[in-house]
Amino acid sequence: MGMTVLMLKSLGINNLMNFEFMDPPPTETLMRALELLYALGALNDLGELTKLGRRMAEFPVDPMLSKAIISSENYSCTEEILTIIAMLSESGSLFYRPKDKKLHADQARQNFVRAGGDHFTLLNVWEQWAETNYSQQFCYEQFLQFKSISRARDIRDQLAGLCERVEVVIQGNPNQNDITPVQKALTAGYFYNTAQLSKSGDSYRTMKTNHTVYIHPSSSLFQHQPPVKSLLYYELVMTSKSYMRQVMEIKPAWLLEVAPHYFKPADLEQMASGDKKMPKAIGAAPVSATAN
């Protein structure tokens, strides 16, 4: 919905409540999309598109992803962000486990795991595949779906083309051993999807809505010891519990850096103290002037 709202705003349609949708979304869904775009800095106090919002509207992807892409320019890691975002879009169907080779498939997957979380595992898969000149044989040997990773390559090429159109400078992380710039760029887009380890240590509480969530068993950070205290997730999957898929370790202090209009120092102090009376909606201060 966020992408639709962003597109309509970019076309000059500001009064979305009275817009004649073919299939009108629930008012609550529309309000949530507007709230998210405001928090991302795509809309100003009056609900009008900002300069950042206009750039984000050029990307036909979820606004969180387009914000991460544009933010990556400030952290000099657009190459890595484009790869991770393209791989996230296909992450659900990337690996496969033949019944007669489950152990081999699990070991191959484990060999791709990198520190920092699932986003860096995906980045590592891509980089190793690219080194083989995008070999189908490599995919077969590593239990990767060639069609899925090839789709990710197409998506990445399209996003790179859009970066040139929006004048986002594409460059790689100058220090491959320091993943912090990549983590910060992703956090700039996904600060909404963040969670803190609960006092019990067996679950997490979302920082925005204080809901109980769990790391998906397929994650490289599942049952990690010691448990990661703060993390960011790509999506929530609802089954018997709410599971976070594709998770990455973060530091709460980054939230103040990438979303100062949304998080305040007091919010992070409450997180650090594990206060159960965490506010249901953190911060609603006006978008900072830099977003306009």
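The residue numbering used here restarts from 1 in each chain and proceeds along that chain's sequence as written. With pLDDT at 70 or above as the cut-off, local features in this predicted model cover only qualifying residues; side-chain atom pairs require 80 or more to be listed or tallied, and sums for whole chains, interfaces and linings still use all residues. Water and hydrogen atoms were dropped before computing side-chain values, which therefore reflect all heavy atoms in the structure.

## With respect to the domain arrangement of the protein
Segmentation of the protein into domains returns domain 1 (1–17 + 24–58), domain 2 (70–166) and domain 3 (179–272). The split of the chain into domains comes from an automatic or database domain assignment. Centre-to-centre, using C-alpha coordinates, domain 1 lies 25 Å away from domain 3. Tallying the contact residues gives six residues for domain 1 and seven residues for domain 3. Note: buried area is the sum, over both parts, of the accessible area (probe 1.4 Å) each one loses when the two are combined. Around 420 Å² of area is buried between domain 1 and domain 3 when both sides are counted, 60% of it from carbon and sulfur atoms. When the buried surface of domain 1 facing domain 3 is broken down by residue, E35, A39 and L40 rank first, second and third, together holding 78% of it. Basic side-chain nitrogens of Lys or Arg form a salt bridge, by our definition, when they fall within 4 Å of a carboxyl oxygen of Asp or Glu. The tally of links between domain 1 and domain 3 comes to zero salt bridges. Side-chain atoms alone can form a polar contact between residues adjacent in sequence; in general such a contact is a pair of N or O atoms within 3.5 Å, and within protein one must be able to donate a hydrogen while the other accepts it. At the junction of domain 1 and domain 3, the tally comes to one residue pair in polar contact (both at pLDDT 80 or more). Broken down by class, the residue content of the side of domain 1 that touches domain 3 amounts to four nonpolar, one polar and one charged. Residue contacts are defined here by distance: any two heavy atoms, one from each residue, within 4.5 Å place the two residues in contact. Residue classes follow a fixed rule: Ala, Val, Leu, Ile, Met, Phe, Trp, Tyr, Cys and Pro count as nonpolar, while Asp, Glu, Lys and Arg count as charged, and any other residue, Gly among them, counts as polar.

## Thoughts on the side chain of S135
Only DSSP runs of H or I covering at least 4 residues are called helices, and only runs of E covering at least 2 are called strands; the numbering of each starts at the N terminus. Counting through the fold element by element, S135 comes out in the loop between α7 (118–131) and α8 (136–141). S135 gets classed as buried once you look at its relative accessible area, which sits at 18%. Of the polar contacts made by the side chain of S135, one reaches the backbone nitrogen of F138; its length is 2.9 Å. Among residues more than four places away in sequence, those in contact with S135 are W129 and F146. In this scheme, a residue with accessible area under 20% of its type's maximum is buried, one over 50% is exposed, and one in between is partly exposed, where area comes from a 1.4 Å probe on protein chains only.

## A word on helix α5 (residues 78–90)
One full turn of an α-helix is made of 3.6 residues, so residues set three or four places apart face in the same direction. Expected span of a helix, by definition, is 1.5 Å for each gap between consecutive residues, and there is one gap fewer than residues. Over its 13 residues, α5 runs 19 Å from end to end, which matches the ideal 18 Å to within 8%, given 1.5 Å per residue. Counted residue by residue, α5 has eleven buried out of 13 residues, so it is predominantly covered.

## What to know about helix α6 (residues 102–112)
All buried positions along α6 are accounted for by A105, A108 and F112. Axial view of α6: buried residues confined to an arc of 60 degrees, hence all on one face. In this structure, the buried residues of α6 make contact with α7 and α8. Arc, as used here, means the arc of the directions from the helix axis to the C-beta atoms.

## Examining unusual backbone geometry
Between Q225 and the following residue, P226, the backbone shows a cis peptide bond with an omega angle of -10 degrees. Note on placement: P226 falls in the loop between β3 (212–215) and β4 (230–238). Here Y134, not a glycine, exhibits a phi torsion of approximately 60 degrees, which is positive.

## Thoughts on the UniProt feature "domain: Helicase-associated" (unreviewed entry) in the protein
UniProt positions are given in the numbering used here, feature names are shortened, and annotations may be inferred rather than shown by experiment. UniProt records the feature "domain: Helicase-associated" (unreviewed entry) at residues 32–123, using the numbering of this structure. Its end C-alpha atoms 31 Å apart, residues 32–123 is made of 60% helix and 0% strand.

## Comments concerning the pattern of salt bridges
One pass over the full model with this rule turns up eight salt bridges. Note that R245 and E235 form a salt bridge whose closest N and O atoms lie 3.4 Å from each other. With a gap of ten residues between them, R245 in strand β5 (residues 242–249) and E235 in strand β4 connect regions that are remote in the sequence.

## Quick look at the environment of L34
Relative to the helices and strands, L34 is located in helix α2 (residues 27–40). Along the primary structure L34 and P265 are separated by 231 residues, whereas in three dimensions their C-alpha atoms are 25 Å apart.

## Details of the packing of α5 against helix α10 (residues 180–190)
The interhelical angle for the contact between α5 and α10, taken along N-to-C directions, is 55 degrees, at an axis separation of 10 Å. Here α10 runs oblique to α5, going by the angle between their axes. The chirality of how α5 crosses α10 is right-handed. Side by side, α5 and α10 meet where E80, I81 and I84 of the first sit next to V182, A185 and L186 of the second. Considering only residue class, the contact of α5 with α10 consists of five nonpolar, no polar and one charged. The axes used here are C-alpha line fits, helices contributing only the stretch in contact, and every angle between their N-to-C directions lies in the interval 0 to 180 degrees. For classification purposes, angles smaller than 35 degrees are called roughly parallel, those larger than 145 roughly antiparallel, those between 65 and 115 roughly perpendicular, and all remaining angles oblique. It is the rotation of the near helix from the far one that decides the hand of a crossing: anticlockwise by less than a right angle makes it left-handed, clockwise makes it right-handed.

## Overview of the packing of aromatic side chains
Any pair of Phe, Tyr and Trp rings, taking the six-membered ring for Trp, is counted once the centres come within 6.5 Å. Such a pair is stacked with planes under 30 degrees apart, edge-to-face with planes over 60 apart, and tilted for the rest. Enumeration over the complete set of coordinates arrives at 14 aromatic pairs. Relative to Y134, the ring of W129 lies with its centre 4.9 Å away and its plane at 75 degrees, an arrangement referred to as edge-to-face. Look at W129 and you get buried, because its relative accessible area is 1%. When the ring of Y190 is compared with that of Y234, the centres are 6.2 Å apart and the planes differ by 45 degrees; the resulting orientation is tilted. Taken together, the positions of Y190 in helix α10 and Y234 in strand β4 put the pair 44 residues apart, joining distant regions of the chain.

## Some words on the sheet that holds strand β1 (residues 194–197)
Any two strands between which DSSP finds at least two bridges are classified as paired. With respect to topology, five strands assemble into a closed barrel ordered β1-β2-β3-β5-β4, the strand pairing being mixed. With strand direction ignored, the average angle separating the axes of adjacent strands in the sheet is 50 degrees. Note: strand β2 (residues 204–206) against β3, two bridges, orientation antiparallel. When the sheet's bridge partners are listed, R205 is paired in β3 with T212. Sitting on the sheet, α10 touches β1, β4 and β5, and the angle it makes with β4 is about 50 degrees.

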